[in-house]
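Topology and contacts: notes
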Amino acid sequence: MNKKYLTITFCCLLFSILTGFLTNDLLLGGTNLLTALLCAYFASEGKRSNYILGLINYLISGYISYQNQLYGLFFFYIFIFSPLQIQGFFSWKKNLNEQESVKVREFTFKNSIIITLSCVIGSFILGYILSLIPSQRLAFMDATSNCINLCGVILMILRFKESWWLWLMNNIIDLGIWILTVINGGTGSIMMLLVSIGYLLINVYGIIKWNMEAKKNR
């Protein structure tokens, strides 16, 4: 691991420990924040290690979502996103460049139409299903976040740079979900809000980084 990666890892670790102490949520929340930040950062750098960190993060996030009665997030985190991390790890292994980073691809117009329609239709269908659960909170925001996130995860596995734009949209929705959950005093919600803010910042970096890589591959 080079000096840049070591520095980033150390800063994320220090920030997660300090935040964990301040919020009295060091073990679960601190680990969740650390794995989220490092997962997003190493994904932006095109490194396969992001999938190992992502698996840990999704399992923890699923548990926190269940505690806060966000059953859509819980289901997607545990039964869809977690297995996809394993798939992504092995898929990227076949598509690495000389620097051991993944080769970036770009969308066509047809890809854009398919993904947009999938997110919109999927969000309405899932939102309706979740709204039928009596204790479910924020059903349609939960559904929209999951559908966009799922498309983003699949596009990331397929190495499309547009996955970062989808995650940026998802982060905005996630921020709304966890801000409302913090206001309502949800369990572990402060740390999940910090995770969303961290993702938002790294997603902007990921957009810039992958756009540059895509230009090199043209």
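Calculation rules
- Residues numbered from 1 in each chain as written.
- Predicted model: local features only at pLDDT ≥ 70, side-chain atom pairs only at ≥ 80, totals over all residues.
- Heavy atoms only, no water.
- Helix = DSSP H or I, 4+ residues; strand = E, 2+ residues; numbered from the N terminus.
- Rg over C-alpha atoms; globule rule 2.2 N^0.38 Å.
- Buried < 20%, exposed > 50% of the residue type's maximum accessible area, 1.4 Å probe, protein only.
- Contact = heavy atoms within 4.5 Å.
- Lys, Arg positive; Asp, Glu negative; His and termini not counted.
- Charge placed at Lys NZ, Arg CZ, Asp CG, Glu CD.
- Expected span 1.5 Å × (residues − 1).
- Phe/Tyr/Trp six-rings, centres within 6.5 Å; stacked < 30°, edge-to-face > 60°.
- Lys NZ or Arg CZ within 6 Å of the ring centre and 35° of its normal.
- Salt bridge = Lys/Arg side-chain N within 4 Å of Asp/Glu carboxyl O.
- Disulfide = S-S within 2.5 Å.
- Patch = residues over 30% accessible without salt bridge, like charges linked within 9 Å, V, L, I, M, F, W, Y side chains within 5 Å.
- Areas by Shrake-Rupley, 256 points an atom, 1.4 Å probe, with all protein chains shown as cover.

The number of helices and strands found in the protein chain is 8 helices and 0 strands. The C-alpha atoms of the protein chain give a radius of gyration of 17 Å, which matches the 17 Å a tight globule of 218 residues would have. The dimensions of the protein chain, computed from C-alpha atoms along their principal axes, are 50 × 45 × 25 Å. Counting the 218 residues in the protein chain, one finds 50% classified as buried. Sequence-distant contacts in the protein chain: of pairs separated by 6 or more residues, those separated by 24 or more amount to 70%. Taking the average location of the 16 positive side-chain charges in the protein chain and that of its 9 negative ones, the two points are 7 Å from each other.

Over its 19 residues, helix α6 (residues 139–157) extends 27 Å from the first C-alpha to the last, a length consistent with the 27 Å expected when each residue adds 1.5 Å. Among the 19 residues that make up α6, 14 are buried, leaving the element largely enclosed by the rest of the structure. Count one or two residues on from α6 and you reach R159, which has phi positive near 75°.

Below, the discussion takes up the packing of aromatic side chains. Two aromatic rings are characterised by how far apart their centres lie and by the angle between their planes. Following the criterion strictly, the structure yields 19 aromatic pairs and no others. On the basis of an interplanar angle of 20° and a centroid distance of 6.2 Å, the ring pair of Y41 and Y205 is categorised as stacked. Of this pair, Y41 sits in helix α2 (residues 26–44) while Y205 sits in helix α8 (residues 189–217), placing them 164 residues apart in sequence. Given the relative accessible area of 7%, Y41 is considered buried. With relative accessibility at 31%, the residue Y205 sits in the partly exposed group. Between F76 and F81 the ring centres are 5.8 Å apart and the planes differ by 45°, which places this aromatic pair in the tilted class. For F81, a relative accessible area of 0% gives the class buried. Within the aromatic cluster, the residues linked to one another by ring pairs are Y58, Y66, Y71, F74, F75, F76, Y77, F79 and F81. Here the basic side chain of R48 rests over the ring of F89, its NZ or CZ set 4.2 Å away from the ring centre.

The next thing to look at is the pattern of salt bridges. One pass over the structure, following the stated rule, counts 5 salt bridges. Of the charged contacts, one joins K209 and E45 as a salt bridge, the two residues approaching to 3.5 Å between their closest N and O atoms. Placement of K209 in helix α8 and of E45 in the loop between α2 and α3 (49–67) is noted, with a sequence separation of 164 residues between them. For K209, a relative accessible area of 22% translates into the label partly exposed. When its relative accessible area of 6% is taken as the criterion, E45 is described as buried. Here K161 and E162 are joined by a salt bridge, their closest N and O atoms 3.4 Å apart. Just as K161 is buried, E162 falls in that class too. If you follow the salt bridges from partner to partner, you end up with K4, E45 and K209 in one network.

It is worth spelling out α2 at this point. Relative to the 27 Å expected for 19 residues at 1.5 Å per residue, α2 spans 26 Å between its end C-alpha atoms, a close match to the ideal helical length. Within α2, 15 of the 19 residues are buried, leaving the element largely enclosed by the surrounding structure. Looking one or two residues past α2, G46 carries a phi angle of roughly 75°, positive in sign.

Within this structure, the stated rule accounts for 0 disulfides. Unpaired in terms of disulfides, C11 finds its nearest cysteine sulfur in C12, a separation of 7.0 Å. Classification of C11 by relative accessible area gives partly exposed; the value is 43%.

Nonpolar side chains collect at one region of the surface, where F109, I113, L117, V120, I121, F124, I125, Y128, I129, L132 and F140 lie side by side and expose about 1200 Å² of accessible area between them. Among the elements that take part in the nonpolar patch, helix α5 (residues 109–131) stands out by supplying 9 residues, more than any other. Structurally, the position occupied by Y128 is in helix α5.

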